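So you can see what is in the structure, the chains are spelled out below.
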Amino acid sequence: MTKRKPLSTVVAESLSEKIRSGRLLPGAQLPTEAELCAEYDVSRTVVREAVARLRSEGMVVPQQGRGMFVSETPAPRKFSIPDETLRTLPETIALLELRLSVEVESAGLCAERRTDKEVGDIRAMMDEIDARHADPAAVQIHYDYDFHLAIAKAARNEFIHGFLSCLGPMIVPRFQLGYVVEPALKDSYYARIHSEHKAIVDAIERQDGRAARQAMRKHLQNSLGRVRALAKASGVEATEAEQKAAAASLFTELRKPLPAAR
């Protein structure tokens, strides 16, 4: 007798087929747990196990407070990422985790301490950066880093600004946005990033530190989710040796003098 597949496997394979066939496009939100339970006539436990499997395979990524979304990362069979770029993925993830821990507070302090001129300059920088809509294959994944530095500078804490400035040379020249965004989806991707940027700037303008922290956390967590999905889909695992090497490189950079305040 043929052994029946677990219900969670059946659901996961069905959702996976919808993603691969294009019925669920990259960036699309998965149906809610209740909707999936009704569609497949299964329990919430089964749905959660199925979604967890898709997440572990890098096919879906969470967005805090919104649910699960189909990953924008290209399908693994299409990967043509150079080996030297793939090797940077573990440390890129670690650096994004570090940024998350620092920049959330940076945004909150900026909202509480910024001047009218600073918030005007930050908004103008956001509008200029977000209007470019460059080809993902010709722009770096962290193309908005100057925007983040401007927020850190207006936080009125030279340690935060100096620290993030030191990270810049390590973070920016990583890999191209095209590795995590399909060219056909670039306009919707840029529109989503603009909405994330705008939520941050709007909170800073209102001097709402709590909202600014929340908006920055969401923005960076979404970026982290995309890079983690790329790493999983490409079979890259962070080893202890890679993490130690990345940390040693970072600490070497941090021993250099801080850039002069402008």
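The shown structure was predicted, so the numbers you read here are calculated from the model rather than taken from an experiment.

A. Spotlight on the environment of Ala-155. With respect to the element layout, Ala-155 can be found in the loop between α7 (145–153) and α8 (158–171). A relative accessible area of 0% means that Ala-155 is categorised as buried. As a C-alpha pair, Ala-155 and Glu-105 span 50 residues in sequence and 8.8 Å in three-dimensional space. Apart from the residues lying within four places of it in its own chain, the contact partners of Ala-155 are Ser-106, Leu-109, Cys-110 and Arg-113.

B. View of the pairing of strand β1 (residues 60–63). Here 4 bridges tie β1 to strand β2 (residues 67–70), and the two strands are oriented antiparallel to one another. Paired with Pro-62 across the bridge in β2 is Met-68. Linking β1 to β2, which pair antiparallel, is a turn of 3 residues; within it Gly-65 sits at a positive phi near 80°.

C. Inspection of the nonpolar core at higher detail. Tyr-143, Ile-151, Leu-164, Leu-177 and Ile-204 are the most contacted members of the largest nonpolar core, which has 51 residues in total. Of all the elements in the fold, those that place two or more residues in this core are α5 (89–113), α6 (116–130), α7, α8, α9 (186–205) and α10 (209–233). Here this core takes 11 residues from α5, the largest share from any one element. Dropping the residues within four chain positions of it, Tyr-143 is found in contact with Ile-129, Leu-177, Tyr-189, Tyr-190 and Ile-193. By size, the runner-up hydrophobic cluster in this structure holds 19 residues, among which are Ile-19, Leu-36, Val-42 and Leu-54.

D. The pattern of salt bridges, seen in detail. Tallying each qualifying case throughout the model produces 18 salt bridges. For Arg-48, the salt bridge is made with Glu-33, and the minimal N-O distance between the two is 2.9 Å. Taken together, the positions of Arg-48 in helix α3 (residues 44–56) and Glu-33 in helix α2 (residues 33–40) put the pair 15 residues apart, joining distant regions of the chain. The class for Glu-33 is partly exposed, based on a relative accessible area of 27%. When the shortest N-O distance is used, the salt bridge between Arg-206 and Asp-208 registers 3.9 Å. The exposure class of Arg-206 is exposed, given its relative accessible area of 53%. Relative accessible area serves as the criterion here: at 28%, Asp-208 is assigned to the partly exposed category. Within this structure, Arg-123, Lys-198, Asp-202 and Glu-205 form a network of salt bridges that share partners.

E. Looking closely at the packing of α2 against α3. Between α2 and α3, whose axes approach to 9 Å, the crossing angle comes to 105°. Put simply, α2 runs roughly perpendicular to α3. Taken together, the residues of α3 that come into contact with α2 (itself represented by Glu-33, Ala-34, Leu-36 and Cys-37) are Arg-44, Val-47, Arg-48 and Val-51. Class assignment for the residues of the contact of α2 with α3 results in 5 nonpolar, no polar and 3 charged.

Procedures and definitions
- Residues numbered from 1 in each chain as written.
- Predicted model: local features only at pLDDT ≥ 70, side-chain atom pairs only at ≥ 80, totals over all residues.
- Heavy atoms only, no water.
- Helix = DSSP H or I, 4+ residues; strand = E, 2+ residues; numbered from the N terminus.
- Buried < 20%, exposed > 50% of the residue type's maximum accessible area, 1.4 Å probe, protein only.
- Contact = heavy atoms within 4.5 Å.
- Pairing = 2+ DSSP bridges.
- Core = buried A, V, L, I, M, F, W, Y, C linked by side-chain atoms within 4.5 Å.
- Salt bridge = Lys/Arg side-chain N within 4 Å of Asp/Glu carboxyl O.
- Axes fitted to C-alpha atoms, helices over the stretch in contact; angles between N-to-C directions.
- Parallel < 35°, antiparallel > 145°, perpendicular 65-115°, else oblique.
- Nonpolar A, V, L, I, M, F, W, Y, C, P; charged D, E, K, R; others polar.

The values are spatial; any link to function lies outside them.
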